[in-house]
Amino acid sequence: MSDLDRQIEQWRNFLRRRRAIHPVDVDELEDHLREQVAALVDGGLDEDEAFLVSVKRMGSLDALSREFAREHSDRLWKQLVVMPVEPGGDRASTRSDAIVALGLAVAAAILVKLPALFGWSFDEDAAYYARNAGLFVLPLLAGYFVWKRSLNPATTQRLAVGFITAAVVVNIYPFAPEGSTLALAALHLPIALWLLVGVAYAGGRWSEAQGRMDFIRFSGELFIYYVLIALGGGVFTAFMMMLFEAVGLNAEPFLESWLLPCGAAGAVLVAAWLVEAKQSVVENMAPVLTRLFTPMFALLLVAFLATLVATGRGLSIERELLIAFDLLLVVVLGLLLYAISARDPHQPPGPFDLAQIVLLTSALMVDAVALSAIAARIGDMGLTPNRVAALGLNLVLLINLAVSAVLYVRFWRGTARFAVLEAWQTRFLPVFAIWAAIVVVIFPVVFDFT
Amino acid sequence: MDINKDLVAASSTPIVLAILAEEDSYGYAILKRVRELSNGRMEWTDGMLYPVLHRLERLGLIESRWESREGERRRKYYRITRQGRERLAEERRQWLAVDATLRGIWRVIGDEGPAGEPA
């Protein structure tokens, strides 16, 4: 091995440590470096000098890997670790991150209990807590990212205006107690507010497809971490009850009015911090689950369609039918999103893509059957707020999935690139939030707050 | 002459596309061509070209392939796509508009303008 080869090998090793730069990119950069060295040697420099000059022209490793990371943020997602590779380095920032996140989790817990000081009790004012649920937690979560991403004051201000507007609307509307518009608003407000969290999370990259894609990844991982924390919390609670039971004390009041609400609120921030800090420890779970369940759901839907055709049975129209099909489409959308988020857009179509296409088309067909069954009966059943909300959501999901199916088939045939599908999904994100906002803000007025 | 970063970033797309419209090429040769075309006035940090190429590829404006030509190392070549040509035409229209605007104002303010002719 010549001296130059040895130097280049060393340089390659430095590059390889940068997670945003893949081995194939290192090859490409090495080719560049070698040609540059050769040109300089031709110009009269000796090899050592030529190597030094060439490396310098390539740009600093930090700047280079930053540029690669901007373009290939998906790579960081797969491989980031919480501890900095170089000793020393970023340890202080890792710790301050933990302190801020835990501080905000405590703040969320306090925020949940604060109204109790002013006489709102969980039992008697359930409606108050239901419609404000998202507002106890999500502003703090957005705040965490405002801090973490050092968001500019203008964006921060817009986010604050969004949260304050939401708080004012749900609290001044004269909702009928136990009315369905109240329940719908309580259900949809967190979805609308999630968009604001997304803007904060993306930290100035909200306009970029990659920024939004990162937020989709974050949302999926957050959900999984939250479920895991909830499972752990369940075990913890069971032991707590058992231990105090053994000495003849009932811990249930404490559980209901303290542990459960405070824990549920604080856990959101803890989960967010964990996702941020330990992206690689649970190696992107959402895509793994997607791989597992996409073929299963595809089979289920195909089998269901075959049964419909073979037996000639019609759907029995139950009250919850529409909601069940909405949920089905949500699951299909989730499977699609997390398949997209983990896919290398340059890979050619494979068997898994075929499973996705089968899943999408069969889901659309099943939903079409359900919709036509419901459309025939909608006159007798009447347009209640619940039904309009469910229909609207169905429509939003249907549009999203229908276009996705078309784009996916085109990709399969080789007439479109995968990135087009990715772009469609990331551009669609605000539509969900807008629909949720319509349900929160406009539905109560239209249906007279019933 | 140092050209400011934003300007370099903005002009990188049309420059790379235009060079690839001449013929298929690879990183080092593209940079060399940039230097020639600008008489050395445009100096890009070498490594920064690659993220730009990868972005253009993701957008479908160019495509890449690894190729070994006679007597050369295996090398990643880039080729402009049909979409890339359309984008290049669009970039060209926009840059010509910017250029025309600036020329107009250089003429009005007279001194120091590259054309050097007062209105």
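A quick note: this is a predicted structure, and the numbers were derived from the prediction, not measured.

## Observations regarding the overall build of chain B
Looking only at helices and strands, chain B has four helices and two strands in total. Written out in order from the N terminus, the α and β elements of chain B read α-α-α-β-β-α. For the C-alpha atoms alone, the extent of chain B along its principal axes is close to 55 × 30 × 25 Å. Residues counted as buried form 22% of the 119 residues belonging to chain B. Expressed as a percentage of contacts within chain B between residues at least 6 apart in sequence, the contacts between residues at least 24 apart total 44%.

## Some details on the overall build of chain A
Each helix and strand in chain A was counted, giving 16 helices and zero strands. Put simply, chain A has 450 residues, and 32% of those count as buried. Look at the contacts in chain A between residues 6 or more apart in sequence, and 82% of them connect residues 24 or more apart.

## What about the interface of chain B and chain A?
Every contact between the two is made by 15 residues of chain B and, on the other side, 19 residues of chain A. Only α2 (27-37), α3 (49-58) and β2 (74-80) of chain B provide two or more residues apiece to the side of chain B that touches chain A. The dominant element in the side of chain B that touches chain A, judged by the number of residues it contributes, is α3(B), at five residues. For the side of chain B that touches chain A, the per-class residue count stands at four nonpolar, five polar and six charged.

## Side note on unusual backbone geometry
One non-glycine residue, A:Ser150, lies in the positive phi region at around 45 degrees. With a phi angle near 50 degrees, B:Asn39 is a residue other than glycine that sits in the positive phi range. Tracing the backbone through its elements, the reader meets B:Asn39 in the loop between α2 and α3.

## Things to note about the packing of helix α12 (residues 285-311) of chain A against helix α13 (residues 321-342) of chain A
All names here are of chain A. Put simply, α12 and α13 touch, their axes get as near as 9 Å, and they point 130 degrees apart. Here α12 lies oblique to α13, going by the angle between them. Our pair here, α12 against α13, has a crossing hand that is left-handed. Where α12 abuts α13, its residues Ala-286, Pro-287, Thr-290, Phe-293, Thr-294 and Phe-297 lie against Val-331, Val-332, Leu-335, Tyr-338, Ala-339, Ser-341 and Ala-342. Here the contact of α12 with α13 is built from residues that sort into ten nonpolar, three polar and no charged.

## Notes on the packing of helix α9 (residues 180-202) of chain A against helix α15 (residues 385-413) of chain A
All names here are of chain A. For the pair α9 and α15, the least separation of the axes is 9 Å and the interaxial angle reads 30 degrees. Classified by the angle their axes make, α9 and α15 are roughly parallel. In contact with Ser-180, Thr-181 and Leu-184 of α9, α15 contributes Pro-385, Asn-386 and Ala-389. Of the residues belonging to the contact of α9 with α15, the class tally is three nonpolar, three polar and no charged.

## Let's talk about the environment of A:Leu397
Residue and element names in this part refer to chain A. Inspection of the secondary structure puts Leu-397 in helix α15. A count of 23 C-beta atoms within 10 Å places Leu-397 in the buried class. What Leu-397 contacts, discounting residues up to four positions off in sequence, is Asp-326, Leu-329, Val-330 and Leu-333.

## Looking at the pairing of strand β1 (residues 62-68) of chain B
Residue and element names in this part refer to chain B. As defined by bridge partners, β1 adjoins β2 across seven bridges and the pair is classed as antiparallel. Across the sheet, Trp-66 pairs through a bridge with Lys-76, a residue of β2. Between β1 and β2, which pair antiparallel and follow one another directly, the connecting turn spans five residues, one of which, Gly-71, has a positive phi of 65 degrees.

## Quick word on the environment of A:Arg131
Residue and element names in this part refer to chain A. Looking at where Arg-131 falls in the secondary structure, it is placed in helix α7 (residues 126-148). Expressed as a C-alpha distance, the spacing of Arg-131 and Ala-186, which sit 55 residues apart in the sequence, is 4.2 Å. Those residues within four positions of Arg-131 in sequence are excluded, and the remaining contacts are Val-170, Leu-182, Ala-185, Ala-186 and Leu-189.

What counts and what doesn't
Residues numbered from 1 in each chain as written. Chains lettered and ligands numbered in written order. Predicted model: local features only at pLDDT ≥ 70, side-chain atom pairs only at ≥ 80, totals over all residues. Helix = DSSP H or I, 4+ residues; strand = E, 2+ residues; numbered from the N terminus. Buried ≥ 20, exposed ≤ 12 C-beta atoms within 10 Å, placed from the backbone. Contact = placed C-beta atoms within 7 Å. Nonpolar A, V, L, I, M, F, W, Y, C, P; charged D, E, K, R; others polar. Axes fitted to C-alpha atoms, helices over the stretch in contact; angles between N-to-C directions. Parallel < 35°, antiparallel > 145°, perpendicular 65-115°, else oblique. Left-handed = near helix turned anticlockwise from the far one by under 90°. Pairing = 2+ DSSP bridges.

On their own, these measurements won't tell you what the molecule is for.
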